[in-house]
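Observations on the three-dimensional arrangement
Residue strings, one per chain:
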Amino acid sequence: MATYSLGREQLLWIAAETTFATIPGTTSADSFVAADAVRVMEFDANAEIDRMVRDDKDNSRTAQDQIEKRTSGEWSAKGYLFGAGAASTAPDFDVIFANAFGLGAAATGSYQYTLVTDPTSSFAAIAGNATNHNHSKIALGCIVEELTIQGAGGDLVTWDAKGPCANVIDAGRCTLNTTSLSAGDTTATVTDGSGVQPGTVLYVGTEQVYVSAVSGNALTLTRGWGASTAASIASSSVFQPWEPTSQTLSSALPLAMTGSATIAGTNVTIKSWKFSLKNSRDFINDHWGSTVADGYVNAKKREVTLELTARLERDNLIYIVGAGYHNEAHAVVITCGGTSGNKYTLTVQGEMKSKPKITYPERDMVDVTLSYTGIYATDNGECSLSQV
């Protein structure tokens, strides 16, 4: 299946799953709503189906399927870093960041993302079209394998996230045949069911329907899905891919890099920086005959890295570089933004993993690139991100 990218008319909603790889919305309490909207520059989702080729077919050189393996996929998103407008309110991208770190929660005067041991959450995404509603894509069982946040010079601070997902479902339009449906009917025959996959959510009028199975042009439906109510459907009605009817998004402006930070308690001027959190997660998906993965495991150590280019003055040089050469663990704190509710502090606790090169004779100011790896004496203390 082709990659699906957001354009100027595409919309995106992301919501935490209550059941792994199951689209939210089976009840009115957990269905997608306008507040699940996410403002991003790009969103891609792509699915693949592994197939095993038979070697036991005699007198034939034709490759024949033996059995399908589960469907898998990859998703990615990119956006600007901006706040919610209020320090203790979750930003639009909360579900993604909370999944990456493990926990996102309001605190007194802030909203904080912190690491946790072996998180178990996943999320679903719906990407739709604002104009014609011809096509939508649903990514299920999504987890964040890597989150990157970076800034340079006076440019806007951006984030990139990506990871595996258990399934990607494409939804297209279809038309009911000449037979109408009552509110209790759960099977619909359409003129062309080739553009509809099991797991698709469609709508007609004010009703949402969940497509649990497709056989040719016959669709098996769960009626009155989400917060909607089952109603009669006239013949020749058009089923369209469903998505929330609106988006609620923050009005805060994207943040520009401020150019300052503290390293081991010493103020320095930074020219660029890049933070990366890699979670090293694996899907439990090595069996055949299953539609999607059963879940995922946190099988390896996470990796936290920070690379920054700093302008070090003569008086600061010995403290910063000296700490690196002596393998001292210390905190690096980067601040972006200046207004409460649209300001972030990123803290990395770690050690230098590469020693900066200094040109001699020593100058009054020098630009050096410092690389840190997150190391902390207790579990889950390597990094944190706070909206303040």
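Note: the structure precedes this text.
Being a predicted model, the structure only gives us computed values, none of them experimental. (Residues numbered from 1 in each chain as written. Predicted model: local features only at pLDDT ≥ 70, side-chain atom pairs only at ≥ 80, totals over all residues. Heavy atoms only, no water.)

1. Description of the overall build of the protein chain
Per the secondary structure count, the protein chain includes 2 helices and 25 strands. Here the protein chain holds 388 residues, and the buried ones make up 46% of them. Contacts spanning at least 24 positions in sequence make up 69% of the contacts within the protein chain whose residues lie at least 6 apart. Total accessible area computed for the protein chain in this model is approximately 17800 Å², and 47% of it derives from carbon and sulfur atoms. (Helix = DSSP H or I, 4+ residues; strand = E, 2+ residues; numbered from the N terminus. Buried < 20%, exposed > 50% of the residue type's maximum accessible area, 1.4 Å probe, protein only. Contact = heavy atoms within 4.5 Å. Areas by Shrake-Rupley, 256 points an atom, 1.4 Å probe, with all protein chains shown as cover.)

2. A look at the environment of Thr220
Within the fold, Thr220 resides in strand E15 (residues 218–222). When the C-alpha atoms of Thr220 and Pro198 are compared, they prove to be 8.8 Å apart, with 22 residues separating the residues in sequence. The contact partners of Thr220, leaving out residues within four places of it in the chain, are Thr186, Tyr210, Val211, Ser212 and Ala213.

3. A short note on helix H1 (residues 94–101)
Counting buried positions over the 8 residues of H1 gives 7, a clear majority of the element. Taken as a whole, H1 has its buried residues at Asp94, Ile96, Phe97, Ala98, Asn99, Ala100 and Phe101. Just beyond H1, the residue with positive phi is Gly102, at close to 115°.

4. A word on the pairing of strand E14 (residues 207–215)
Alignment of strand E13 (residues 201–204) against E14, held across 4 bridges, turns out to be antiparallel. Counted as the bridge partner of Leu202 is Val209 from E14. Hairpin connection, E13 to E14: the antiparallel pair is bridged by 2 residues, and Gly205 has positive phi, about 65°. Two elements, E14 and E15, share 5 bridges in a ladder whose sense is antiparallel. By the bridge assignment for E15, Ser215 is matched with Ala218. Hairpin connection between E14 and E15: a loop of 2 residues separates the two successive antiparallel strands, and Gly216 in this loop has a positive phi of roughly 65°. (Pairing = 2+ DSSP bridges.)

5. Here we look at the side chain of Glu17
Locating Glu17 in the fold gives a position in the loop between strand E1 (10–16) and strand E2 (42–53). No salt bridge forms around the buried Glu17; measuring N to O, its nearest opposite-charge neighbour Arg281 is 11 Å away. Polar contacts involving the side chain of Glu17 include one to the side chain of Ser122, which spans 2.6 Å. Of the polar contacts made by the side chain of Glu17, one reaches the backbone nitrogen of Gly141; its length is 2.8 Å. (Lys, Arg positive; Asp, Glu negative; His and termini not counted. Salt bridge = Lys/Arg side-chain N within 4 Å of Asp/Glu carboxyl O. Polar contact = N/O pair within 3.5 Å; in protein donor to acceptor, adjacent residues only side chain to side chain.)

6. Digging into the pairing of E15
Burial along E15 is one-sided: Leu219 and Leu221 are buried, while Ala218, Thr220 and Thr222, pointing the other way, are not. Two elements, strand E12 (residues 187–189) and E15, share 3 bridges in a ladder whose sense is antiparallel. Bridging from a neighbouring strand, Ala188 pairs with Leu219 of E15.

7. Let's talk about the sheet that holds E12
On the basis of which strands lie adjacent, the open sheet formed by 6 strands has the order E11-E16-E13-E14-E15-E12 and antiparallel pairing. In the strand order of this sheet, the two ends are held by strand E11 (174–175) and E12, each with one partner. As paired strands, E13 and strand E16 (residues 238–241) are joined by 2 bridges and run antiparallel to one another. Its bridge partner lying in E16, Tyr203 is registered against Gln240.

8. Here we look at the pattern of salt bridges
Considering all chains together, one arrives at 4 salt bridges under this definition. With a shortest N-O distance of 2.7 Å, Arg223 and Glu207 are connected by a salt bridge. Taken together, the residues span a long stretch of sequence, with Arg223 in the loop between E15 and E16 and Glu207 in strand E14 at a distance of 16 residues. Across the pair, Glu207 and Arg223 agree in class, each one buried.

9. What to know about unusual backbone geometry
Although it is not a glycine, Ala21 adopts a positive phi angle of roughly 60°. By the element assignment, Ala21 lies in the loop between E1 and E2. Here Asp118, not a glycine, exhibits a phi torsion of approximately 50°, which is positive. Relative to the assigned elements, Asp118 resides in the loop between strand E5 (110–115) and strand E6 (123–129).

10. So, the environment of Phe123
Within the secondary structure layout, Phe123 lies in strand E6. A C-alpha to C-alpha distance of 6.6 Å links Phe123 and Leu140, two positions 17 residues apart in sequence.

11. Observations concerning empty space enclosed by the protein
Summed over all chains, the structure comprises 1 cavity of 30 Å³ or more. By volume, the largest cavity amounts to about 40 Å³. Lining the largest cavity, in full, are Leu81, Ile149, Trp273, Ile334, Cys336, Tyr344, Thr345, Leu346 and Leu385. When contributions to the lining of the largest cavity are tallied by element, the ones reaching two or more residues are strand E22 (330–339) and strand E23 (342–354). For the lining of the largest cavity, the leading source of residues is E23, giving 3 residues. Grouping the constituent residues of the lining of the largest cavity by class yields 8 nonpolar, 1 polar and no charged. (1 Å grid on protein atoms, 1.4 Å probe; cavity = no way out; pocket = protein on both sides within 12 Å on 5 of 7 lines; lining within 4 Å. Points joined across faces, edges and corners; volume = space filled by probe spheres on them. Nonpolar A, V, L, I, M, F, W, Y, C, P; charged D, E, K, R; others polar.)

Remember, this is a structural readout, not a statement about activity or role.
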